[in-house]
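# Analysis of the macromolecular model
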Amino acid sequence: MSTSPERAIPEPVSQEDGVQALSHSPDSLQTRVQRTLEAARERGASDVQAVVSHSVGLELGVRKGEIETLEHERDQSLSLIVYFGQSKGAASTTDFSDQALIDTVEAACRIARYTEPDPYAGMPDPAFKASEWDDLDLDHPWGCSAAEATELARTIEAAGFAADERIENSEGASVSTRRAIAFLGDSQGFMGGYRSTRHSLSCALVARDAAGMQRDYAYTVARHAEDLTAAEQVGREAAERTVRRLGGRKLSTRNCPVLFAPEMARTLIGSFTRAIAGPSQYRESSFLLNAIGENVFPGWMQIEERPQTPRALGSAPFDGEGVRTRNRPLIADGVLQSYTLDSYAGRRLGLEATGNAGGARNVTVAPGDKDFAALLAEMGTGFLVTELIGQGVNPVTGDYSRGAAGFWVENGELQYPVEEITIAGNLKDMFQRMAAVGTDVDRRGNIHTGSILVESMMVAGD
Amino acid sequence: MIDRLAQQTLLDPAGLGESELSSLLGTTFGHGIDGGDCYFQFSSQEGWSLEDGIVKSASFNIERGVGIRVVRGEQTGFAYSDDIAMPAMLEAAKTARSIASAGQSGRIAVASRSSSRPALYAPDNPLDSLGEQAKIDLLKEVDAVARAEDSRVTQVMCSLAGVHEVVLVLNARGEMTTDVRPLVRLNVQVIVEQGGRRESGTSGGGGRHGYQYFREDGRAAGYAREAVRQALVNLDARDAPAGSMKVVLGPGWPGILLHEAIGHGLEGDFNRKGTSAFSGRIGEQVAAKGITIVDDGTLEGRRGSLNVDDEGNPTQQTVLIEDGVLRGYMQDEMNARLMGTQSTGNGRRESYARLPMPRMTNTYMLGGDADPEEILASVDDGLYAVNFGGGQVDITSGKFVFSASEAYRVENGKVTYPVKGATLIGNGPDVLTRVSMIGNDMKLDSGVGTCGKEGQGVPVGVGQPTLRIDGMTVGGTQAA
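Conventions and cut-offs
- Residues numbered from 1 in each chain as written.
- Chains lettered and ligands numbered in written order.
- Predicted model: local features only at pLDDT ≥ 70, side-chain atom pairs only at ≥ 80, totals over all residues.
- Heavy atoms only, no water.
- Buried < 20%, exposed > 50% of the residue type's maximum accessible area, 1.4 Å probe, protein only.
- Helix = DSSP H or I, 4+ residues; strand = E, 2+ residues; numbered from the N terminus.
- Pairing = 2+ DSSP bridges.
- Core = buried A, V, L, I, M, F, W, Y, C linked by side-chain atoms within 4.5 Å.
- Contact = heavy atoms within 4.5 Å.
- Axes fitted to C-alpha atoms, helices over the stretch in contact; angles between N-to-C directions.
- Parallel < 35°, antiparallel > 145°, perpendicular 65-115°, else oblique.
- Left-handed = near helix turned anticlockwise from the far one by under 90°.
- Salt bridge = Lys/Arg side-chain N within 4 Å of Asp/Glu carboxyl O.
- Buried area = accessible area lost by both parts, 1.4 Å probe.
- Nonpolar A, V, L, I, M, F, W, Y, C, P; charged D, E, K, R; others polar.

The next thing to look at is the pairing of strand β4 (residues 87-93) of chain A. Burial analysis of β4(A) places six of its seven residues in the buried class, which makes it a mostly covered element. As defined by bridge partners, strand β3 (residues 66-84) of chain A adjoins β4(A) across seven bridges and the pair is classed as antiparallel. Paired with S79(A) across the strands is S92(A), a residue of β4(A). Between β3(A) and β4(A), which pair antiparallel in sequence order, lie two residues; one of them, G85(A), sits at a positive phi of approximately 65 degrees. Sheet analysis places β4(A) next to strand β2 (residues 54-72) of chain B, joined by four bridges and oriented parallel. Residue T93(A) lies in a different strand from β2(B), and its bridge partner there is I62(B).

Here we come to the nonpolar core. In summary, soluble globular proteins display a tendency toward joint burial of nonpolar side chains. Counting 118 residues, the largest nonpolar core has L80(A), V82(A), F40(B), I68(B), M89(B) and F214(B) as the members making the most contacts within it. Take this core: its biggest share by element is nine residues, from helix α6 (residues 219-235) of chain B. The contact partners of M89(B), leaving out residues within four places of it in the chain, are L16(B), L24(B), F40(B), V66(B), I68(B) and I84(B). Listed in part, the 49 residues of the second largest apolar core include F272(A), I276(A), Y282(A) and V454(A).

Quick look at the packing of helix α2 (residues 18-28) of chain B against helix α3 (residues 86-96) of chain B now. All names here are of chain B. Axis separation between α2 and α3 bottoms out at 9 Å; the angle between their running directions is 20 degrees. What the angle tells us is that α2 and α3 run roughly parallel. For the pair α2 and α3, the sense of crossing is right-handed. Across the interface between the two elements, E20, S23, L24, T27 and T28 of α2 pack against M86, M89, L90 and A93 of α3.

A few words on the pattern of salt bridges. Counted under the stated rule, the structure contains 72 salt bridges over all chains. For R311(A), the salt bridge identified is with E226(A), shortest N-O distance 3.1 Å. Within this pair, whereas R311(A) is found in the loop between β10 (303-305) and β11 (328-332), its partner E226(A) is found in the loop between β8 (212-222) and α4 (231-243), the two being separated by 85 residues in sequence. Residue class for E226(A) comes out exposed when judged on its relative accessible area of 54%. Salt bridges sharing common partners tie together D216(A), R241(A), R245(A), E263(A), E387(A) and D394(B).

What follows is about the sheet that holds strand β12 (residues 335-336) of chain A. Residues and elements named next belong to chain A. On the basis of which strands lie adjacent, the open sheet formed by five strands has the order β12-β11-β10-β13-β18 and mixed pairing. Single-partner strands in this sheet number two, and they are β12 and β18 (447-448). Alignment of β10 against β11, held across three bridges, turns out to be antiparallel. Residue pairing in the sheet places E304 in a bridge with P329 of β11.

In this assembly, 68 residues from chain A lie in contact with 69 residues from chain B. Carbon and sulfur atoms make up 50% of the area that chain A and chain B hide from each other, which totals about 5600 Å². Considering only the side of chain A, the residues that lose the most area to chain B are Y114(A), E116(A) and E420(A), jointly responsible for 11% of the buried surface there. Counting every contact that joins chain A to chain B gives twelve salt bridges.

Next up on the list: the pairing of strand β17 (residues 414-419) of chain B. Residues and elements named next belong to chain B. Pairing of strand β16 (residues 399-411) with β17 involves five bridges; the strand directions are antiparallel. Counted as the bridge partner of V410 is V415 from β17. The antiparallel hairpin formed by β16 and β17 contains two residues in its connecting segment, where N412 sits at a positive phi of about 50 degrees.

Residue and element names in this part refer to chain A. Within the secondary structure, M434 is located in strand β17 (residues 434-437). For M434, a relative accessible area of 2% corresponds to the buried category. Spatially, the C-alpha atoms of M434 and W300 are 9.9 Å apart, while their sequence positions differ by 134 residues. Not counting chain neighbours up to four residues away, the residues in contact with M434 comprise L268, F297, P298, W300, M301, I452, L453 and V454.

Here the focus is the packing of helix α1 (residues 26-42) of chain A against helix α2 (residues 98-114) of chain A. All names here are of chain A. Running from N to C, α1 and α2 cross one another at 45 degrees; their axes reach a closest spacing of 9 Å. When the interaxial angle is binned, α1 and α2 end up oblique. Considering the relative orientation of α1 and α2, their crossing is right-handed. In contact with R32, R35, T36, A39 and A40 of α1, α2 contributes D98, L101, I102 and V105. Its residues placed into classes, the contact of α1 with α2 shows five nonpolar, one polar and three charged.

Shown next as structure tokens:
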């Protein structure tokens, strides 16, 4: 289905919609964008871009069967960027009064009088802007009341406690639902907006044995409530993940293969997307500097950006500047195809903008042909990482050293839990030494990947 | 005393007088409610950044709103509004109160809380402390100093940020407290290049001051030179060692060790729920003798300091560990009440739109008597780590990490060569039992820390003297 910008927003939902009812109508938000654009032009801005966003949400937490927190969210913000020739100013406010709109526009204009001209500053080329876009199926209000959320959270937590008697404490189960609407407009005539929803269930439990306590969690998140994992399953998974960590040991210092579980593999791909982002390139602060055309990964690796995927969590019809997004390859047969660029980074690097104002969306690693068990078997003996802590990644050099927990694996089978060790290497080298990607793809975020096996890393322990 | 600025910024525009507030309190709290508050906040902040030698972008943001929190037993109801006006507040109050059974209609008298303690910072708006051109000039000076320092500097990115926050807390007992909080920060990052190898260095500082702070004592230029120095050291860094070894930590920012290993585990909420590795361990020896660690929100002008916390309670110095023995937890009102103790002035929140919880302020270890030179000379084979990036902790298992960004190998009592950044990992409840020497050079960090908990960031400080720890796991790539 394709819709024109003016009709991109369906009629407002009825007010019986309870917690999902937005308190600003699409019309009033669009009007606010228009008035912001006009106010900036009246004050001499040569170009202006404005975003008005609004969201409502409910977050309910239950701990040990009782409501612990009930939070009602209602956010709104107006932000704008003005250009006076090549000078730029930005301002934002959460205050939606008429006076605040004027004050905010004036603050942006005042800043632009002081900032220095940047030859690369400015709006995106109108030719790249989205003129029409598909409905990406992102808006599915749940209509879950506080009472229903309470029951759901109780169900999650109870399933966790029931799953194993070593679960002796809880940090709680929570249900969250949020609906947002945003409009972007600019002085070149672009005006677009869309609504989106995001719902989640989560649970964090604590288990104890003679050696001490362990905590872990499970969660599910989706645009549509029907895509969420069942409540009982979230509770059981949290319990399993927690209990299996009991009795964790250190390893002795060694080199060995490392298998990153999907939710950890995502962080490796995250380092890749940061390294190919415009600012990392033009600031020359990337370990993948000027790497287009280079073999960054082994020849079998394929990575795409898929911002147009219906219902996916990272999807967007156009980027933060109104540039149309499109599905495209980032890595083909191991070779870097493109950076992720907004219009500024594009001009800096002499390349076309790629619709990445606001980042890369739904970065998708093509799965191989092995499931998780087959990957464990392929690794044979090595370390399975299920948790990483700390920020030990140097984006300039690719040097990598992070705290890890997981399991020691022999003959493709989990032997015992491991904690208080680090894994280290250099990302450039780790990318080259990737041996396989699993079919166990985790789609709960903006990066979709299965488990990733790295041939060898340094494990530091005793 | 109600601060006049708070009155003018938060109450007057909405026509909120004593009568309206008294009725708001009566509707929100009263029978069956154990606590809570109406938290009014106005904050204005700006950021200026320099890149490629020019200040090409800057932003200005305003946030205004009120958060209404109702606490009953272990339950919290919460709603907020961007609109400080009676109808919106009554609606939020009704929503927040929905955890309690029946509605209310009484009145609760309002009384302002006064403080006899001198203010820890001036209430002046730091955004007005320098003209716009002077802010730009300051950044350009930092850029020029960094570039003049060494020809291998290829990129300089620096930013200047200021926040002015006006807070008014009206609690369920009708007590009203105000605080006006300035906060400034200057950050410098440089990239250096030599023979195709690139490294970065970062430095900065700040506190609850005006921007003049950066002009005093040559601070701004000092940050620039320090960032370049660190980057150049890293150009010569060899692979870091892997495995367990003796570690000497430098003074100041390496105190992030205490924040991660000990601090979070001593926050009241985790201990009330029994999910901390330190739960139920008050009175136990958890650190070597001679180690005393405090959390102190009362240090003048520091980034982590507050006149009052976000529940309106005065901050204080809380002894966490005394001569190696665990003494106390950091509490907000709710967790203190549930644990039968008093708030320690550690109830903090990121903004009116988020719930307060027990958080650290400035957490540091008192100095000992060892000469730092002697400490290094005593190590036959180990690592000397002087600068760090961030850290993280798993409260329940006690495992924590912090990542070195400047470190050296120590051999036969001598610092021999720089090594690449590496993560250090340990176990909170026992790492401090392995401290064998405590330096006499206690230092607080330069004012750069932001602590994250449940998605809320708050400014904090850390500090410590030079320390020798006998046995920590160093996460390098080179087998020892």
